[in-house]
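# A look at the structure
As a plain string of letters, each chain reads:
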Amino acid sequence: MVDEESQTAGRRSPLRAVWGMAAALAGLVLVSAMLAVSHMPELERLLFQLGLGGTALIAAIGQVLILGGLALLWSALRRPR
């Protein structure tokens, strides 16, 4: 008799894949927005008023979203062993 957990362990998780893709895209949008803002003088001035810590925090959050989303996507779509 095969237990239920071993049957579900071999299945792929589309919900994890969706969350991974959403997180990666959100991170890419955030990092791309930071790059686009750096070419607009008014918004660049606003970023410098936030301070270097604020802009670094926004960039770090974007990078964590990208890497975390890709990790979720990878784990959801890889083949079970």
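Bear in mind the structure is a predicted one, so any value in this text is a computation, not a measurement.

Turning our attention to the environment of M34. Looking at where M34 falls in the secondary structure, it is placed in helix α2 (residues 14–37). Along the primary structure M34 and I58 are separated by 24 residues, whereas in three dimensions their C-alpha atoms are 8.2 Å apart. The contact partners of M34, leaving out residues within four places of it in the chain, are T55 and I58.

Under the 1.5 Å per step criterion, the end-to-end length of α2 is 34 Å for 24 residues, consistent within 8% with the ideal 34 Å. Within α2, burial applies to A17, G20, A23, A24, G27, M34 and V37.

Judged by side-chain polarity, M21, L25 and L28 come together as a nonpolar surface patch covering roughly 260 Å² of accessible area. Secondary-structure assignment places L25 in helix α2.

Another aspect to go through is the confidence of the model for the protein chain. For the protein chain, mean pLDDT is 81; residues scoring 70 or higher make up 84% of the total. Element-level mean pLDDT values for the protein chain span from 50 in helix α1 (residues 4–9) up to 90 in α2.

Moving on: the environment of V31. Along the polypeptide, V31 turns up in helix α2. On the basis of relative accessibility, which here comes to 26%, the residue V31 falls in the partly exposed class. With 28 residues separating them along the chain, V31 and A59 place their C-alpha atoms 6.1 Å apart. Apart from residues no more than four positions distant in its own chain, V31 is found in contact with A59, G62, Q63 and I66.

Conventions and cut-offs
- Residues numbered from 1 in each chain as written.
- Predicted model: local features only at pLDDT ≥ 70, side-chain atom pairs only at ≥ 80, totals over all residues.
- Heavy atoms only, no water.
- Helix = DSSP H or I, 4+ residues; strand = E, 2+ residues; numbered from the N terminus.
- Contact = heavy atoms within 4.5 Å.
- Expected span 1.5 Å × (residues − 1).
- Buried < 20%, exposed > 50% of the residue type's maximum accessible area, 1.4 Å probe, protein only.
- Patch = residues over 30% accessible without salt bridge, like charges linked within 9 Å, V, L, I, M, F, W, Y side chains within 5 Å.
- Areas by Shrake-Rupley, 256 points an atom, 1.4 Å probe, with all protein chains shown as cover.
- Salt bridge = Lys/Arg side-chain N within 4 Å of Asp/Glu carboxyl O.
- pLDDT = per-residue confidence, 0-100.

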